[in-house]
Amino acid sequence: MVSNAPSPPRTRAPGRATSPRATARGRAGLRNSRGDRITLALMLGVPAALVVGLVWLPATVTVLLSFTRWDGIGGLDTIEWIGAQNYVDAFTIYPPFEPALRNNLVWLVVLFAVPTVLGMFLAVLLDRRMRGGALYQSVFYMPVVLSLALVGFIWQLVYSRDQGLLNAFLAVVADAPPVDWFGDSDINLYAVLVAASWRHTGYIMLLYLAGLKAVDPSLREAAAIDGAGPVRTFTQVVFPALLPINLVVLVVTVIDALRAFDIVWIINRGRNGLELISALVTSNVIGEASRVGFGSALAVIMLLISLVFITVYVSTMLRKAYR
């Protein structure tokens, strides 16, 4: 009688070694070819070289120049090292610095109070998949793709004293005399902030909209089961889950407030009520005075202020990653 039981699998003898040819093929499969190594070197080296050459090297040179007195003309032997005198002068005997620092602070507060809140509100509305949501997103985001210089030109058409849309509207509605929105130092900063907020709102909306899409739907379902309304669900459940986006918005808003330059430079070169630190840096470095060392000191002050918020963001992200 023939048995139909399956034969046991064949196993390699305990003392039998793998053939040298098979071992060589295995090592060759794990070994990168010369072309792979060149590709990897280019993929890592080119971005690293760009970052070093366009970010770290200019930043290091700026910090070094901030301790010098130099007009940018001549060789390195014309540079005079004066220590921290530029920083002392900026805080003591440079009149535009105080209003510029104050205007940057006002810029930061307004960006947080108006476009950030408005952008979050628009993101919450658009996250509900309302009809025409994609069209609304495109309309609100369109100003973001425009440079601040172009935004300044557009709003000059609105704020122009003689032919501006706003003055024409006020003349028809209230028979009001024309207002010099950009020329009056008491109101021009807030007029410019309206234009900057118009652009900033769409960017914040897009950031929060991306964050809301990533929130776990089960959190909202659990809140609805507990009887929480839409407002309570957002403030107590959704908003805490948006911590990474909130930190990104914080850093982005601070950096935008510090580097605001294009729009005020287009209007009046950052003078007569529109003084900003970035405009002071430009006017000192490339202006008639050509005080490269002093302008570098102002740039370093901007860098230090922004590093405070960037450090908070990075440290928070690292702590969350290690949990």
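Predicted model, so just to flag it, every value in this text is computed and none were measured. (Residues numbered from 1 in each chain as written. Predicted model: local features only at pLDDT ≥ 70, side-chain atom pairs only at ≥ 80, totals over all residues. Heavy atoms only, no water.)

**Description of the nonpolar core**
The tendency in soluble globular proteins is for nonpolar side chains to be buried side by side.
Phase 1: One finds W107, V192, I263, V264 and L298 to be the most contacted residues of the largest nonpolar core, which totals 41 residues.
Phase 2: If you list the elements that add at least two residues to this core, you get α3 (85-92), α4 (97-126), α6 (148-159), α8 (188-213), α11 (243-259), α12 (262-268), α13 (277-285) and α14 (292-322).
Phase 3: What V264 contacts, discounting residues up to four positions off in sequence, is W107, V192, R269, G270, L274, L276 and A279. (Core = buried A, V, L, I, M, F, W, Y, C linked by side-chain atoms within 4.5 Å. Buried < 20%, exposed > 50% of the residue type's maximum accessible area, 1.4 Å probe, protein only. Helix = DSSP H or I, 4+ residues; strand = E, 2+ residues; numbered from the N terminus. Contact = heavy atoms within 4.5 Å.)

**Details of the packing of aromatic side chains**
Each aromatic ring pair is described using two quantities: the centre-to-centre distance and the angle formed by the ring planes.
Phase 1: Scanning all chains against the criterion turns up nine aromatic pairs.
Phase 2: Pairing W155 with W198 gives two aromatic rings, centres 5.8 Å apart and planes at 70°, and the pair type is edge-to-face. Of this pair, W155 sits in helix α6 while W198 sits in helix α8, and the two are 43 residues apart along the sequence.
Phase 3: Given a relative accessible area of 15%, W155 falls into the buried group.
Phase 4: Look at W198 and you get partly exposed, because its relative accessible area is 35%.
Phase 5: An aromatic cluster of at least three residues, connected via ring pairs, comprises W155, Y159, W181, F182 and W198.
Phase 6: Positioned over the ring face of F294 is R291, at 4.5 Å from the centre of the ring. (Phe/Tyr/Trp six-rings, centres within 6.5 Å; stacked < 30°, edge-to-face > 60°. Lys NZ or Arg CZ within 6 Å of the ring centre and 35° of its normal.)

**Some details on the pattern of salt bridges**
Phase 1: Taken as a whole and judged by the stated rule, the model has five salt bridges.
Phase 2: R69 is the partner of E80 in a salt bridge, and the nearest nitrogen-oxygen pair spans 3.1 Å. Here the residue E80 occupies a position in strand β2 (residues 80-81), and R69 occupies one in strand β1 (residues 68-69), the gap between them amounting to eleven residues.
Phase 3: Of the charged contacts in the structure, one is a salt bridge between D162 and R161, with a shortest N-O distance of 3.4 Å.
Phase 4: A relative accessible area of 64% means that D162 is categorised as exposed.
Phase 5: Taking relative accessible area as the criterion, R161 reaches 41% and is therefore assigned partly exposed.
Phase 6: What you see here is one network of salt bridges that share partners, running through D127, K213 and R220. (Salt bridge = Lys/Arg side-chain N within 4 Å of Asp/Glu carboxyl O.)

**Structural notes on α6**
Owing to its 3.6 residues per turn, the α-helix brings residues three or four apart onto one side.
Phase 1: A rise of 1.5 Å per residue sets the reference length of α6, with its twelve residues, at 16 Å; its end C-alpha atoms lie 16 Å apart and thus fit the reference within 8%.
Phase 2: Looking at the packing, one finds that the buried side of α6 touches α7 (165-174), α8 and α12. (Expected span 1.5 Å × (residues − 1).)

**Some words on the packing of α4 against α11**
Phase 1: Taken N-terminus to C-terminus, the directions of α4 and α11 make an angle of 135°; their axes are 9 Å apart at the nearest point. Relative to α11, α4 is oriented oblique. Taken as a pair, α4 and α11 cross one another with a handedness that is right-handed. Contacts from N104, W107, L108, L111, F112 and T116 in α4 reach V249, L250, T253, V254, D256, A257 and L258 in α11.
Phase 2: Split into classes, the residues belonging to the contact of α4 with α11 amount to nine nonpolar, three polar and one charged. (Axes fitted to C-alpha atoms, helices over the stretch in contact; angles between N-to-C directions. Parallel < 35°, antiparallel > 145°, perpendicular 65-115°, else oblique. Left-handed = near helix turned anticlockwise from the far one by under 90°. Nonpolar A, V, L, I, M, F, W, Y, C, P; charged D, E, K, R; others polar.)

**Remarks on the side chain of N167**
Phase 1: Looking at where N167 falls in the secondary structure, it is placed in helix α7.
Phase 2: Judged by relative accessible area, N167 falls into the buried class, the value being 6%.
Phase 3: Beyond its immediate chain neighbours, meaning those up to four positions away, N167 contacts V158, Y159, S160, R161, P178, V179 and W181.

**Brief notes about the confidence of the model for the chain**
Detailed reading of predicted coordinates is not advised where the pLDDT is low.
Phase 1: Averaged over every residue, the pLDDT of the chain is 84; the share at 70 or more is 89%.
Phase 2: Within the chain, α3 carries the highest mean pLDDT (93), whereas helix α1 (residues 20-30) carries the lowest (51). (pLDDT = per-residue confidence, 0-100.)

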